[in-house]
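Descriptive structure summary
Take a look at the letters that make up each chain.
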Amino acid sequence: MMIKQIKVMTEQDQYDALQEYNYFEMLVNTKEYVTKDEYDFIINYDKTEKNNFSYVDSYLGDYLNFNVYSEYDHDKRQLEMERG
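A brief look at the structure comes next. (Residues numbered from 1 in each chain as written. Predicted model: local features only at pLDDT ≥ 70, side-chain atom pairs only at ≥ 80, totals over all residues. Heavy atoms only, no water.)

Turning to the pairing of strand S3 (residues 61–65), a few remarks are in order. Most of S3 sits out of view: 4 of its 5 residues are buried. Of the pairings in the sheet, the one linking strand S1 (residues 33–34) to S3 comprises 2 bridges and is antiparallel in character. Paired with Tyr33 across the bridge in S3 is Leu64. Where strand S2 (residues 53–58) lies against S3, 4 bridges are found, and the strand directions are antiparallel. Bridging from a neighbouring strand, Ser54 pairs with Leu64 of S3. If you look at the hairpin formed by S2 and S3, you'll find 2 residues sitting between the two strands. (Buried < 20%, exposed > 50% of the residue type's maximum accessible area, 1.4 Å probe, protein only. Helix = DSSP H or I, 4+ residues; strand = E, 2+ residues; numbered from the N terminus. Pairing = 2+ DSSP bridges.)

This part takes up the pattern of salt bridges. Scanning all chains against the criterion turns up 2 salt bridges. Note that Lys31 is salt-bridged to Glu38, the shortest N-O span being 2.9 Å. The closest approach of N and O atoms between Lys36 and Asp40, which form a salt bridge, is 2.9 Å. Residue Lys36 and its partner Asp40 are located together in helix H2 (residues 36–45), separated by 4 residues, close to a single helical turn. Judged by its relative accessible area of 39%, Lys36 falls in the partly exposed class. (Salt bridge = Lys/Arg side-chain N within 4 Å of Asp/Glu carboxyl O.)

Here you go:
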């Protein structure tokens, strides 16, 4: 007879999981550029996000996040910088 073991999440486990989820959501939905460590965290949390990032090695960050990147906003910032 085989007995299944069920892991019961403690309140601390639930809190930690929620904090991890909130951090993941913040990175994926708000940061245009992420560091290598942030990128690694995102990919470890959800491997499907790999297609939404591109390595750019910019002074702004290591990876560009296509979830929040906007070509329009980028062009607007470039124009503002050029105009001074």
